Amino acid sequence: RIPKELETNSATLFYGNHPSAASIADSAEFLKNRILEVLAETGAEKVNIIAHSKGGLDCRYAVSNLDIADKVASLTTISTPHKGCLFADYLLNKIPENIKTKVANTYNAALRKFGEEADFLAAINDLTSSRLQELNEEMPTPEGVYTQSVGTVLKKATSGKFPLNFSYHLVKHFSGENDGLVSEDSFSFGEKYTLVRPQGKRGISHGDMIDLNRENIEGFDVREFYVNLVNELKNKG
């Protein structure tokens, strides 16, 4: 519903089409090529990037390290764990190697059926708090690229939908308020940070920010949110 609403309001959209489970560096390389492809196709000078979750880290790496900063007008990250996820560190240290390998192989095999190569463990390792400490040093924001970030808070686990709420209590234990997957203190990045916290008992989940369940939420219209976001970018030039 979000793309449809944006297009209704005269926005032109393209998709990253990058692998859903890969290292940040590998995903960034794919995104770099995709951005160059879009610019060649349209004749435009730059793109505005809106990236959700790990996609925000993939795009940060591409803009900072792959010589495309001059092709990017802005980068907006949504629900992105810029400081990593402490619970991921905990799980990777506690879960036996044979179980981690089995889970990864199952996930990778499932995606291969859809024609996508995946490296589940590489993706998860890049989302740990310890790894993000290193990556943040490697991803300075280039001058001339406007950057902003958005985060949300889920009031209780049952307000979100499985599977993107299953880790709510685990994240809360390690890091406090969260969207079911990413803690509130990990969202902030760039020149402007917005925390979406609507009134009521529900809150907004990690999945809600991509309209995963096509759900109408009282006090928050996700379609209107993105229309306003893109309009603000347009007004900034």
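To be clear, the structure that these remarks concern was listed above.
What you are looking at is a predicted structure, and each value in this text was computed from that prediction instead of being measured.

(A) Highlighting the overall build of the protein. Secondary structure assignment for the protein yields 9 helices and 4 strands. Reading the secondary structure of the protein in the N-to-C direction produces α-α-β-α-β-α-α-α-α-β-α-β-α. Here the C-alpha atoms of the protein give a radius of gyration of 18 Å, agreeing with the 18 Å that 2.2 N^0.38 yields for 237 residues. For the protein, the spread of C-alpha atoms along the three principal axes comes to 50 × 40 × 35 Å. Residue burial in the protein is summarised as follows: out of 237 residues, 45% are buried. Of the accessible surface of the protein, which amounts to about 12700 Å², a share of 51% is contributed by carbon and sulfur atoms. Distance between charge centroids for the protein: 7 Å, based on 27 positive and 32 negative side chains.

(B) Fine view of the nonpolar core. With 24 residues, the main nonpolar core has V47, I49, Y61 and V72 as its most contacted residues. Counting residues per element, the ones that place at least two in this core are α2 (24-42), β1 (47-52), α3 (54-65), β2 (72-78) and α7 (129-138). Top element by residues in this core is α2. It accounts for 6 residues. Core analysis: the next-biggest nonpolar cluster, separate from the first, contains 16 residues, V150, I204, F220 and L233 among them.

(C) Local environment of the side chain of R60. Here R60 is to be found in helix α3. No salt bridge is formed by the buried R60. Its closest oppositely charged neighbour is E137, at 9.2 Å. A distance of 2.9 Å separates polar atoms of two side chains, one belonging to R60 and the other to N136.

(D) Structural view of the state of the cysteines. Evaluated as defined, the whole model comprises 0 disulfides. You can see C59 has no disulfide; the closest cysteine sulfur is in C85, sitting 17 Å from it.

(E) Representation of the packing of aromatic side chains in the model. Using the criterion set out here, one finds 2 aromatic pairs in the structure. With centroids separated by 5.9 Å and ring planes inclined at 50 degrees, the aromatic side chains of F220 and F225 adopt a geometry described as tilted. Both residues of the pair, F220 and F225, belong to the buried class. With a centroid separation of 5.2 Å and 90 degrees between ring planes, the pair formed by F225 and Y226 is classed as edge-to-face.

(F) Spatial organisation of the packing of helix α4 (residues 86-94) against helix α8 (residues 168-175). The contact between α4 and α8 brings their axes to 8 Å, and the two run at 105 degrees. Considered as vectors, α4 and α8 are oriented roughly perpendicular to each other. Contact with α4, carried on its side by L86, F87, Y90 and L91, involves L170, V171, F174 and S175 of α8 and no other residues of that element. Across the contact of α4 with α8, the residue classes tally to 7 nonpolar, 1 polar and no charged.

(G) The arrangement of the sheet that holds β2 in detail. Judged by pairing direction, the sheet is parallel, and its 4 strands sit side by side in the order β1-β2-β3-β4 without closing on themselves. Either end of the sheet is taken by a strand with one partner, and the two such strands are β1 and β4 (192-196). Mean inter-strand twist for the sheet, computed between neighbouring axes without regard to direction, equals 15 degrees. With respect to the sheet, α3 is in contact with β1 and β2, its orientation differing from that of β1 by roughly 140 degrees.

(H) Fine view of the packing of α2 against α3. Two elements in contact, α2 and α3, have axes separated by 8 Å at closest approach and are oriented at 70 degrees. Here α3 runs roughly perpendicular to α2, going by the angle between their axes. Two packed elements cross with a definite hand, and for α2 against α3 that hand is right-handed. In this structure, α2 uses I24, A25, S27, A28 and L31 to contact α3, whose residues at the interface are K54, L57, D58, C59, Y61 and A62. Within the contact of α2 with α3, the residues separate by chemical class into 8 nonpolar, 1 polar and 2 charged.

Rules used in this analysis
Residues numbered from 1 in each chain as written. Predicted model: local features only at pLDDT ≥ 70, side-chain atom pairs only at ≥ 80, totals over all residues. Heavy atoms only, no water. Helix = DSSP H or I, 4+ residues; strand = E, 2+ residues; numbered from the N terminus. Rg over C-alpha atoms; globule rule 2.2 N^0.38 Å. Buried < 20%, exposed > 50% of the residue type's maximum accessible area, 1.4 Å probe, protein only. Areas by Shrake-Rupley, 256 points an atom, 1.4 Å probe, with all protein chains shown as cover. Lys, Arg positive; Asp, Glu negative; His and termini not counted. Charge placed at Lys NZ, Arg CZ, Asp CG, Glu CD. Core = buried A, V, L, I, M, F, W, Y, C linked by side-chain atoms within 4.5 Å. Salt bridge = Lys/Arg side-chain N within 4 Å of Asp/Glu carboxyl O. Polar contact = N/O pair within 3.5 Å; in protein donor to acceptor, adjacent residues only side chain to side chain. Disulfide = S-S within 2.5 Å. Phe/Tyr/Trp six-rings, centres within 6.5 Å; stacked < 30°, edge-to-face > 60°. Axes fitted to C-alpha atoms, helices over the stretch in contact; angles between N-to-C directions. Parallel < 35°, antiparallel > 145°, perpendicular 65-115°, else oblique. Contact = heavy atoms within 4.5 Å. Nonpolar A, V, L, I, M, F, W, Y, C, P; charged D, E, K, R; others polar. Pairing = 2+ DSSP bridges. Left-handed = near helix turned anticlockwise from the far one by under 90°.

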